[in-house]
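Coordinate analysis (summary)
Below are the chains, spelled out letter by letter.
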Amino acid sequence: MPRAYPGVWAFVVLVGVLAFRAMRGAGLPPARRASAIAGLVLLWLTLDWPVGPLGTGYLASVHALQFISLGMVVPPLLLRAVSRARVEALFARQPVLARHVARLTHPLAAAFLFTLVMVVTHVPRVVDAIMRFQLGAFALDVAWLVSGFVLWWPVVVQRPVRPGFTPIFRVLFLFLGTQAHLFIAMWLLLADFPVYATYELAPRVVEMTALQDQQIAGGIMIGVAEPIVFAAIAMVFFRWAASEERSARG
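Now for a description of the structure that goes with this document. Owing to the predicted nature of the structure, the values given are computational and were not obtained by experimental measurement.

This paragraph deals with the overall build of the chain. For the chain, the helix and strand inventory stands at 14 helices and zero strands. Mapped in sequence order, the helices and strands of the chain form the string α-α-α-α-α-α-α-α-α-α-α-α-α-α. For 250 residues, the compact-globule estimate of 2.2 N^0.38 gives 18 Å, and the C-alpha radius of gyration of the chain, at 19 Å, lies within 12% of that figure. Seen through its C-alpha atoms, the chain measures out along the principal axes to roughly 60 × 35 × 30 Å. Classification of the 250 residues of the chain by burial places 44% in the buried group. Here the contacts in the chain between residues at least 6 apart in sequence split such that 78% fall between residues at least 24 apart.

Below you can see the structure in the form of structure tokens.
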């Protein structure tokens, strides 16, 4: 039966307020505004009923979709609402904040944090311990979202400017910084038994075993996450190629 989740609504509204404040008066193109709105809608769909409760306590496959959405899709969509000029002005007024953001979003730090969060939040003992509580499941979702923002910030916002972080390094960063999910996916696919008690002991809401659900989760982490990563890499590469072509013509 449908169920209300006021905490989810409040969180989505909070993120929406921040996003619209970032867009207000920034002169962003309509495509970037639409991207941010799409990210906000996807955030709501990922956390609210029925996806939220299904991923929290019933289906590992839905849990995998939530990870991909919160870590790899929602952050870059929402970050497109951030005005680089406003970020630069904020950093000029708040040098301490600028230093902290620069350290946290340094490509090496960002890739390490995203990978660490990805691995730790897929350890069976961690998942089974925190998914028993609604607050724990929400903390897991927030960890994915925050680490996703950190990962995508140097690629989408690109502030502070890092002259050495050229497009070719952005391509390598996106590829190497996200590939831990392949090892997690293979582990889920090849395991002979369900690795998460949370999903093994959950009531069956669909006609498949916990092991089959787990294998689907592994397949999703490869078949859905990889195309997203390579689409982002292709965008960075082709934008760089177009820029080089314009420079050559000029």
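Back to the write-up after that little detour.
A separate point is the side chain of T121. Residue placement: T121 occurs in the loop between α7 (107-120) and α8 (124-130). A polar side-chain atom of T121 sits 2.8 Å from a polar atom in the side chain of W144. When residues no more than four places from it in sequence are discounted, the contact partners of T121 are V127, L140 and W144.

Another aspect to go through is the packing of aromatic side chains. With the rule as written, the count across this model stands at nine aromatic pairs. Consider the rings of F175 and F230, whose centres lie 6.0 Å apart with planes at 55°: the pair is tilted. Separated by 55 residues along the polypeptide, F175 in helix α10 (residues 167-178) and F230 in helix α14 (residues 225-249) bring together distant segments of the chain. Overall, F175 belongs to the partly exposed group, its relative accessible area being 30%. Taking relative accessible area as the criterion, F230 reaches 41% and is therefore assigned partly exposed. What links up through ring pairs into an aromatic cluster is the set F67, F114 and W144.

Attention now moves to the pattern of salt bridges. As enumerated under the stated definition, the model contains one salt bridge in all. A salt bridge links E88 to R159; the shortest N-O distance between them is 2.6 Å. Of this pair, E88 sits in helix α5 (residues 84-93) while R159 sits in the loop between α9 (134-156) and α10, and the two are 71 residues apart along the sequence. In this structure E88 comes out as partly exposed when scored by relative accessible area, which is 39%. Overall, R159 belongs to the buried group, its relative accessible area being 15%.

Core analysis: the biggest nonpolar cluster contains 60 residues, and L43, F67, F173 and L174 have the highest contact counts within it. Broken down by element, this core gets its largest block of residues, 10 residues, from α9. With sequence-adjacent residues up to four places away left out, F67 is seen in contact with M72, F114, M118, H122, W144, H181 and M221.

Next up on the list: the packing of helix α13 (residues 210-223) against α14. Look at α13 against α14: their axes get within 3 Å of each other, and the N-to-C directions meet at 10°. Taken as axis vectors, α13 and α14 run roughly parallel relative to one another. Facing I220, M221, I222 and G223 of α13, the residues of α14 in contact are A225, E226 and P227. By residue class, the composition of the contact of α13 with α14 is five nonpolar, one polar and one charged.

A separate point is a nonpolar patch on the surface. On the surface, W9, F20, I37, V41, W44 and L45 cluster together into a nonpolar patch covering about 560 Å² of accessible area. Among the elements that make up the nonpolar patch, the one with the highest residue count is helix α2 (residues 30-47) (four residues). Position of F20 among the secondary structure elements: in helix α1 (residues 6-23).

Before going further, it helps to examine the packing of helix α11 (residues 180-190) against α13. Taken N-terminus to C-terminus, the directions of α11 and α13 make an angle of 155°; their axes are 7 Å apart at the nearest point. With respect to their mutual orientation, α11 and α13 come out roughly antiparallel. In the packing of α11 onto α13, the handedness of the crossing is left-handed. Contact with α11, carried on its side by H181, L182, I184, A185, M186, L188 and L189, involves Q214, Q215, A217, G218, G219, M221 and I222 of α13 and no other residues of that element.

Criteria and cut-off values
Residues numbered from 1 in each chain as written. Predicted model: local features only at pLDDT ≥ 70, side-chain atom pairs only at ≥ 80, totals over all residues. Heavy atoms only, no water. Helix = DSSP H or I, 4+ residues; strand = E, 2+ residues; numbered from the N terminus. Rg over C-alpha atoms; globule rule 2.2 N^0.38 Å. Buried < 20%, exposed > 50% of the residue type's maximum accessible area, 1.4 Å probe, protein only. Contact = heavy atoms within 4.5 Å. Polar contact = N/O pair within 3.5 Å; in protein donor to acceptor, adjacent residues only side chain to side chain. Phe/Tyr/Trp six-rings, centres within 6.5 Å; stacked < 30°, edge-to-face > 60°. Salt bridge = Lys/Arg side-chain N within 4 Å of Asp/Glu carboxyl O. Core = buried A, V, L, I, M, F, W, Y, C linked by side-chain atoms within 4.5 Å. Axes fitted to C-alpha atoms, helices over the stretch in contact; angles between N-to-C directions. Parallel < 35°, antiparallel > 145°, perpendicular 65-115°, else oblique. Nonpolar A, V, L, I, M, F, W, Y, C, P; charged D, E, K, R; others polar. Patch = residues over 30% accessible without salt bridge, like charges linked within 9 Å, V, L, I, M, F, W, Y side chains within 5 Å. Areas by Shrake-Rupley, 256 points an atom, 1.4 Å probe, with all protein chains shown as cover. Left-handed = near helix turned anticlockwise from the far one by under 90°.

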